[in-house]
Amino acid sequence: MGLLDKERATLDAFMPGLDEFLAGSGLEELESPNSKGITAFRSHGGPALLVPDELSGMGATALQAVRIQRAIGARSPSLAVATTMHHFSIASLVALSELPDGWEWMLLEGIATENLLVASGFAEGRRDGGILHPTMQGTSTDAGVRVTGVKRPCSLARSMNLLTASVRVPRLNGEGTQLAVAVIPAESEGITVTPFWNSFALAGAESDQVSLTDVLVPPQLLVRMELSEDECLDDIQTAGFVWFELLMMGCYLGAASALVERVIANDRAPESDRLRLVVELEGAMAAVENIARQVPDGQRKRSLLADSLIVRYAVQDAIARVVPHAIELAGGLNFIGSSDTAYLAAAVNGLGFHPPSRAKMARPLLDYLAGDELEIV
Ligand SMILES: Cc1cc2nc3c(=O)[nH]c(=O)nc-3n(C[C@H](O)[C@H](O)[C@H](O)COP(=O)(O)OP(=O)(O)OC[C@H]3O[C@@H](n4cnc5c(N)ncnc54)[C@H](O)[C@@H]3O)c2cc1C
């Protein structure tokens, strides 16, 4: 039984041949800005992974999805991160479609049958910007809301068919504004994509800038967040964050596993040290799987979101312990012989940059543990 056999078997069951393609392409190709990874994901039917069976999708569970993201992350961290942004959009649309008057099932069916990729634009590239506090504004017109602003970094920027973007819009009753998510076709008038990502690390995720200038969003493609006075998060945001944290943890545990895989077969490294790497990684993955198993019944619960954030920061710490140890055990000749080791060592740090950051969440999590509502900042 190999370290990632279970994960690769799950990937093969849903997207047969993708792992073989990725393994044959190699990290250098897959992590470059011109990577063929996203095209391959699409040609293997990946966009439909989380769309329910009855809407022509593959209906993967959260447990299957985190295993798949780990398998992909071990071959291409960029592809895992980019596709997480797609899956996060889909998981949120599925949660919305389950509401009594949900119409999103039509969109989901279209995404599955036409194999469409959905980018997710929440960040705006501002220091101290809150992920739930977009500065992108919409103005009301007779035909819908017109949206102007920038989203960056936005993974899948050059391959997306649809963009989901957070935006502040005037309330329907004219009193103030509210948070909403707009679903926008990529070819809409007023959308442009320009370079933003200047690092070699994770460059295959196409995390560039998407600019919107007076883009028209018809009312049926605008989802308004209705929060009551005493709510910090609604059920859909809660479910979305749970999925996001889970899938991202899978990606970066996959990247760390790629390093450990290279070391555990190395007879020159002490057995107890090699086993320690496996124990750390599998312990972290077991914690992720524990959250994933609770998703079907618990994804709207603030308590599951709090647990997933705590696990996410623990996973960051596990990766930070495992990776330098694995590199040392692999040895200098391994480090010198190819850039793969140095690349993976850089890429795994990305987990700390995804929202919400540990430092920002310290107060809200401590307040939550003292009995307050959970808040995401
Ligand atoms: C590979 C990759 C792909 C991405 N793709 C997407 C995407 O497709 N769509 C998308 O929306 N976003 C995406 N992002 C963006 C990401 O989600 C973040 O929004 C972005 O990295 C935030 O930048 P920052 O960490 O500099 O932000 P900041 O929030 O400014 O944080 C900078 C540092 O300051 C600390 N800090 C800030 N405020 C506080 C505070 N109040 N208290 C304590 N500490 C604080 C933080 O903890 C952090 O250490 C991606 C990021 C990466 C790494």
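Everything quoted here is computed from the prediction, not taken from an experiment. (Residues numbered from 1 in each chain as written. Predicted model: local features only at pLDDT ≥ 70, side-chain atom pairs only at ≥ 80, totals over all residues. Heavy atoms only, no water.)

## Comments concerning the pattern of salt bridges
Thinking step 1. Under the defined criterion, the tally for this structure stands at 19 salt bridges.
Thinking step 2. Linking Glu124 and Arg126 is a salt bridge whose minimum nitrogen-to-oxygen distance equals 3.5 Å.
Thinking step 3. With its nearest N and O atoms 3.2 Å apart, the salt bridge here joins Arg158 to Asp208. Of this pair, Arg158 sits in the loop between strand 3 (144–154) and strand 4 (162–170) while Asp208 sits in strand 7 (residues 208–217), placing them 50 residues apart in sequence.
Thinking step 4. Salt bridges linked by common partners bring Arg8, Asp19, Arg75 and Glu261 together as one network. (Salt bridge = Lys/Arg side-chain N within 4 Å of Asp/Glu carboxyl O. Helix = DSSP H or I, 4+ residues; strand = E, 2+ residues; numbered from the N terminus.)

## A look at the domain arrangement of the protein chain
Thinking step 1. What the domain assignment reports for the protein chain is domain 1 (5–117), domain 2 (119–224) and domain 3 (235–369).
Thinking step 2. One C-alpha centre belongs to domain 2, the other to domain 3, and the line joining them spans 29 Å.
Thinking step 3. If you look at the interface, domain 2 gives nine residues, while domain 3 gives nine residues.
Thinking step 4. Carbon and sulfur atoms make up 73% of the surface buried where domain 2 meets domain 3, a total of about 640 Å² over both sides.
Thinking step 5. Applying the counting criterion to the domain 2 and domain 3 interface returns zero salt bridges.
Thinking step 6. Between domain 2 and domain 3 we count one residue pair in polar contact (both at pLDDT 80 or more) in total.
Thinking step 7. Its residues assigned to classes, the side of domain 2 that touches domain 3 shows seven nonpolar, one polar and one charged. (Domains from an automatic or database assignment. Contact = heavy atoms within 4.5 Å. Buried area = accessible area lost by both parts, 1.4 Å probe. Polar contact = N/O pair within 3.5 Å; in protein donor to acceptor, adjacent residues only side chain to side chain. Nonpolar A, V, L, I, M, F, W, Y, C, P; charged D, E, K, R; others polar.)

## A short note on the nonpolar core
Thinking step 1. Ranked by internal contacts, the top residues of the largest apolar core, which has 133 residues, are Leu212, Leu246, Val288, Val315, Ile319 and Ile376.
Thinking step 2. By residue number, the principal contributor to this core is helix 8 (residues 235–264), which donates 19 residues.
Thinking step 3. With residues near it in sequence (within four places) discarded, Leu246 still touches Ala62, Val66, Val288, Ile291, Ala292 and Val295. (Core = buried A, V, L, I, M, F, W, Y, C linked by side-chain atoms within 4.5 Å. Buried < 20%, exposed > 50% of the residue type's maximum accessible area, 1.4 Å probe, protein only.)

## Let's talk about the packing of helix 5 (residues 62–75) against helix 8
Thinking step 1. It is at 6 Å that the axes of helix 5 and helix 8 come closest, and there the two elements cross at 35 degrees. Remark: the crossing between helix 5 and helix 8 carries right-handed chirality. Here Ala62, Ala65, Val66, Gln69, Arg70, Gly73 and Ala74 of helix 5 lie close against helix 8, whose contacting residues are Trp243, Leu246, Leu247, Gly250, Cys251, Leu253, Gly254, Ala255, Ser257 and Ala258.
Thinking step 2. Residue composition of the contact of helix 5 with helix 8, grouped by class: eleven nonpolar, five polar and one charged. (Axes fitted to C-alpha atoms, helices over the stretch in contact; angles between N-to-C directions. Left-handed = near helix turned anticlockwise from the far one by under 90°.)

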